Number of protein chains: 2
Amino acid sequence: MSIIQDSPLTRKLSAFVALSDAELAVLDRLHQRRRSFVAGRDLVHQGQSDQAAYILSEGWVCSYKIQPDGSRQIVDFQIPGDFLGLRSVLLHTSDHSIEPVVDIQAAEVLASDLLEAFAHTPRLAMAVLWAVSRDEAMVVEHLVCIGRRDANARMAHFLLELGVRLALVGMGSKAGYDCPLTQYHLADALGLSAVHVNRVLRQLREAGLVTFRDGHVTFDDYERLVALADFDPAYLDQTGPLLK
Amino acid sequence: MSIIQDSPLTRKLSAFVALSDAELAVLDRLHQRRRSFVAGRDLVHQGQSDQAAYILSEGWVCSYKIQPDGSRQIVDFQIPGDFLGLRSVLLHTSDHSIEPVVDIQAAEVLASDLLEAFAHTPRLAMAVLWAVSRDEAMVVEHLVCIGRRDANARMAHFLLELGVRLALVGMGSKAGYDCPLTQYHLADALGLSAVHVNRVLRQLREAGLVTFRDGHVTFDDYERLVALADFDPAYLDQTGPLLK
């Protein structure tokens, strides 16, 4: 039991539901089919059908759509404790592609595994519904921001959101976090050029707000960065379990 | 049973799961607390907590966020068969507001009702998860479009998506559908001014593609409109039940 109580998914779902031993055991069974995937090779292709979903336990992943002009829009990044392709396993064809940013570890989950888990504990169904709703709230937040934040505020918001998400699974704090993303990832996620990303990061660093260097994000002045980004983490819903 | 088999939610969930009589009865119980709401008065306020969710059975609703400058970004519209505020009942505080576009009928659903329903039938939990995933796929599609479609293509895509969603609940076809939205709704959803919306609708009408007039959308040339919008409805996942 002790292993699974420390799994990132367990930590994350515990923000929504106080998990019983029986529920922890069901979560444990969902982690049975562990697999490794190498960086840069798609787990799921846009337009693919009959695929599995995964629970990410180690590493970073990005979800993206290829646009008709061949450019890539990154929709979101997944970190340990996140589902990969849960939407893809429920819809007939995947509406997006999923690519490991680094080598990853993930547990394969079929629709039938979820159905069986939900049959054992409906509270787990609510918890997964919460996780999906939280993912949707993030995409809505990104949608609403796009028009209104300038490049500096968008970058600040992005780095702060990742920090709060990572803190939930024990991988970050208000001091900072390790981050394997390249400037190309940031560019494709924020709709900026790599050159522009470079300039924005330099400006934020020179203003004494945040430093992203050598695979690590350091918050140099967390509160001022929050003010610049107009960042309110309420949509990430990490204030403690709603279901006791 | 016959009433509920005809409910919009039943029609919609049937696109994902072939519902048994027992499952239909559980859905029926979710519709017990029927309520009416008048147009223009918020059901849920952004930042509110401890609210209920609703299943919309009649009328149209919009979900929006108020931005710091006081302007309104409409995130999506809900039509019969859609959940209202499901995300709000799962997250501690609502990340958006919900306002009836016209007078509506909706059934109130508490988190405890959902938990009880899921305990009776885990397949229903999967179906609700599917509905939420489909909502997320829509927001992702909107996010990815914003940068790449011009105003005419964005409007065309918007009117086509609504048509496909309405067709699923028996309220539209490739000929067209009744639509109570004003030009202000379209403007706040598409990030255009009302004057611009007016001009775009005139251009689409004069090109013989689609006419939106007197509360009705008429598709004058469906296939050409699809080509203009580069519209692929796969993300709406309406090709028949995945769970038999």
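Under an unreviewed UniProt entry, the name given to chain A is Crp/Fnr family transcriptional regulator, and the organism recorded is Defluviimonas salinarum.

S.K.: In this structure, what is going on with the UniProt feature "domain: HTH crp-type" (unreviewed entry) in chain A? I would like to understand it.
M.R.: UniProt marks residues 149-223 of chain A with the feature "domain: HTH crp-type" (unreviewed entry), using the numbering shown here. Secondary structure content for residues 149-223 of chain A is 55% helix and 15% strand, and the end C-alpha separation is 18 Å.

S.K.: Any chance you could explain the domain arrangement of chain A here in plain terms?
M.R.: Accessible area lost during the coming together of the parts is what is often quoted as the interface size. Residue and element names in this part refer to chain A. Domain boundaries assigned for chain A yield domain 1 (2-131) and domain 2 (134-236). Computed from C-alpha coordinates alone, the two centres of domain 1 and domain 2 are separated by 23 Å. Tallying the contact residues gives 19 residues for domain 1 and 20 residues for domain 2. Taken over both partners, the interface formed by domain 1 and domain 2 buries close to 1,900 Å², and the fraction arising from carbon and sulfur atoms is 62%. The largest share of the area that domain 1 buries against domain 2 comes from Trp60, Phe77 and Ile79, three residues that together contribute 31% of it. Linking domain 1 with domain 2 are three salt bridges, by the criterion used here. Residue Asp76 pairs with Arg165 through a salt bridge whose shortest N-O separation is 3.4 Å. Summed over the shared surface of domain 1 and domain 2, the number is eight residue pairs in polar contact (both at pLDDT 80 or more). Taken together, the elements giving at least two residues each to the side of domain 1 that touches domain 2 come down to helix H2 (8-13), strand E4 (72-78) and helix H6 (122-148). Element by element, the count of residues in the side of domain 1 that touches domain 2 is highest for E4, at seven residues.

S.K.: How should the packing of helix H8 (residues 183-190) of chain A against helix H9 (residues 194-206) of chain A be read in this particular structure?
M.R.: All names here are of chain A. Direction vectors running N to C along H8 and H9 enclose 100 degrees, while the axes themselves pass 8 Å from each other. The orientation of H8 relative to H9 falls into the category roughly perpendicular. On H9, the residues that touch Gln183, Tyr184, Leu186 and Ala187 of H8 are Ala194, Val197, Asn198 and Leu201. Along the lines of polarity and charge, the residues of the contact of H8 with H9 split into six nonpolar, two polar and no charged.

S.K.: Hey, could you run me through helix H5 (residues 111-120) of chain A in this one?
M.R.: Turn by turn, an α-helix covers 3.6 residues, leaving residues three or four places apart pointing in a common direction. Looking at H5(A), one finds that the buried residues are A:Asp113, A:Leu114, A:Ala117 and A:Phe118. For H5(A), the buried positions fall inside an angular range of 130 degrees around the axis, keeping them on one side.

S.K.: Sorry if this is basic, but what is going on with the relation of the copies chain B and chain A here?
M.R.: Overlaying chain B with chain A gives an RMSD of 0.0 Å, the required rotation being 180 degrees about an axis along which the chain moves by 0.0 Å. Such values leave the two copies arranged in the relation of a two-fold axis. A share of 100% of the interface residues of chain B reappears at the interface of chain A, consistent with the copies meeting face to face through the same patch.

S.K.: Explain the pattern of salt bridges to me, please; I cannot follow it from the model alone.
M.R.: A pair can form between side chains of opposite charge whenever their charged atoms are brought close. Per the stated rule, a full pass over the model turns up 29 salt bridges over all chains. Here B:Glu136 and A:Arg87 are joined by a salt bridge, their closest N and O atoms 3.2 Å apart. Linking B:Glu136 in helix H6 (residues 122-148) with A:Arg87 in helix H4 (residues 86-90), this pair reaches from one chain into another. Just as B:Glu136 is buried, A:Arg87 falls in that class too. Here the residues in one salt-bridge network are A:Lys12, A:Asp76, A:Asp82 and A:Arg165, joined through shared partners.

S.K.: What exactly am I supposed to notice about the interface of chain B and chain A here?
M.R.: Facing the 47 residues of chain B at the interface are 47 residues of chain A. Taking both sides of the interface into account, the surface hidden between chain B and chain A amounts to around 4,500 Å²; carbon and sulfur atoms contribute 75%. Of all residues in chain B, B:Leu90, B:His92 and B:Leu143 bury the most surface against chain A, accounting for 16% of the area lost on that side. Our count for the chain B to chain A interface comes out at four salt bridges. Counting across the chain B and chain A interface gives four residue pairs in polar contact (both at pLDDT 80 or more). Those elements giving two or more residues to the side of chain B that touches chain A turn out to be strand E4 (72-78), helix H4 (86-90), helix H5 (111-120) and H6 of chain B. With 21 residues, H6(B) is the single largest residue contributor to the side of chain B that touches chain A. Its residues assigned to classes, the side of chain B that touches chain A shows 28 nonpolar, eight polar and 11 charged.

The rules behind these values
Residues numbered from 1 in each chain as written. Chains lettered and ligands numbered in written order. Predicted model: local features only at pLDDT ≥ 70, side-chain atom pairs only at ≥ 80, totals over all residues. Heavy atoms only, no water. UniProt positions renumbered as here; feature names shortened; annotations may be inferred. Helix = DSSP H or I, 4+ residues; strand = E, 2+ residues; numbered from the N terminus. Domains from an automatic or database assignment. Contact = heavy atoms within 4.5 Å. Buried area = accessible area lost by both parts, 1.4 Å probe. Salt bridge = Lys/Arg side-chain N within 4 Å of Asp/Glu carboxyl O. Polar contact = N/O pair within 3.5 Å; in protein donor to acceptor, adjacent residues only side chain to side chain. Axes fitted to C-alpha atoms, helices over the stretch in contact; angles between N-to-C directions. Parallel < 35°, antiparallel > 145°, perpendicular 65-115°, else oblique. Nonpolar A, V, L, I, M, F, W, Y, C, P; charged D, E, K, R; others polar. Buried < 20%, exposed > 50% of the residue type's maximum accessible area, 1.4 Å probe, protein only. Arc of directions from axis to C-beta. Least-squares fit on C-alpha atoms with pLDDT ≥ 70 in both.

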